[in-house]
Every structure is written in C-alpha cells, then in structure tokens.
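Listed below are the residues making up each chain.
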Amino acid sequence: MTDLPLMVLLPLCFLGGLFIGYGYFRALRETANLLVNGGEPLRAIALTLGRISLLASGFFLAVLAGGLALLAAFAGLLCAKWIMLRRMREGRA
C-alpha cells in the first residue's frame, strides 16, 4: 500500500510500535493507580478508551502498510512492554 522501501518502512513501524506501546502501558499504569487509590472514575474510563483507541488506530495504520509492518509494530509494542516492566522492577517508575 505504501511506496516506501522495506528498509525504511519496518524501522518506522517498529518505532511507531514503541511509541504506541509506551503510551498504552503508561496509560494502563495510570488507570490502575486511579482504581487502586480511589481516583476519579471518569478519568479512568477516559484513559481506558484513549489507550484502546491509540492501539487500534496504530495497528490499523500498520495493517495498511502490510503484514511485515504489522509484525514490526507489534514487536515495538512488546519491546515497550518489556522496557516498562523492567523500569517497574527497578523502582524507577
């Protein structure tokens, strides 16, 4: 669907997946903190809808670029998850 060569497209999709994953898991952590600490329920709902929308729209754009682009975006998302979990274990959250 796109005219970009794979050598450019795949790293861009990977970086996009990192960005989407960081936003997704950051919002997930904030939502969990709101629920545990008795925060505003509307803010938790907004964060949930926002992170699901971010994930769906990012993967939709990757699907339009092709299967390899989708896999690259998914790999970026998984790397962002690994980075966030590692930061949580080290206590730098």
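Residues numbered from 1 in each chain as written. Predicted model: local features only at pLDDT ≥ 70, side-chain atom pairs only at ≥ 80, totals over all residues. Heavy atoms only, no water.

1. Some details on the pattern of salt bridges
Summed over the entire model, instances satisfying the criterion amount to 2 salt bridges. Salt-bridge contacts for Arg86 lead to Glu90; the nearest nitrogen and oxygen are separated by 3.6 Å. On the criterion of helical spacing, the pair formed by Arg86 and Glu90 is a turn pair, its members being 4 residues apart in helix H3 (residues 67-90). (Salt bridge = Lys/Arg side-chain N within 4 Å of Asp/Glu carboxyl O. Helix = DSSP H or I, 4+ residues; strand = E, 2+ residues; numbered from the N terminus.)

2. Looking at the packing of helix H2 (residues 41-65) against H3
One can describe the packing of H2 onto H3 by two numbers: an axis separation of 7 Å at closest approach and a directional angle of 145°. Note on element contacts: H3 touches H2 through Ala69, Leu70, Ala73, Phe74 and Leu77, opposite Leu55, Phe59, Ala62, Val63 and Ala65. Of the residues that constitute the contact of H2 with H3, the class distribution is 10 nonpolar, no polar and no charged. (Axes fitted to C-alpha atoms, helices over the stretch in contact; angles between N-to-C directions. Contact = heavy atoms within 4.5 Å. Nonpolar A, V, L, I, M, F, W, Y, C, P; charged D, E, K, R; others polar.)

3. Some thoughts on the nonpolar core
Counting 9 residues, the largest nonpolar core is built from Ile20, Tyr24, Phe25, Leu55, Phe59, Ala62, Ala73, Leu77 and Met84. Of all the secondary-structure elements, those providing two or more residues to this core are helix H1 (6-37), H2 and H3. (Core = buried A, V, L, I, M, F, W, Y, C linked by side-chain atoms within 4.5 Å. Buried < 20%, exposed > 50% of the residue type's maximum accessible area, 1.4 Å probe, protein only.)

4. Side note on H2
For H2, which comprises 25 residues, the first-to-last C-alpha distance of 37 Å matches the rise-based estimate of 36 Å (1.5 Å per residue) to within 8%. Looking at H2, one finds that the buried residues are Ala44, Arg51, Leu55, Gly58, Phe59 and Ala62. Elements in contact with the buried residues of H2: H1 and H3. Positive backbone phi, approximately 125°, marks Gly66, located one or two places after H2. (Expected span 1.5 Å × (residues − 1).)

5. Section: the side chain of Thr31
Tracing the backbone through its elements, the reader meets Thr31 in helix H1. Beyond its immediate chain neighbours, meaning those up to four positions away, Thr31 contacts Ala44, Leu47, Thr48 and Arg51.

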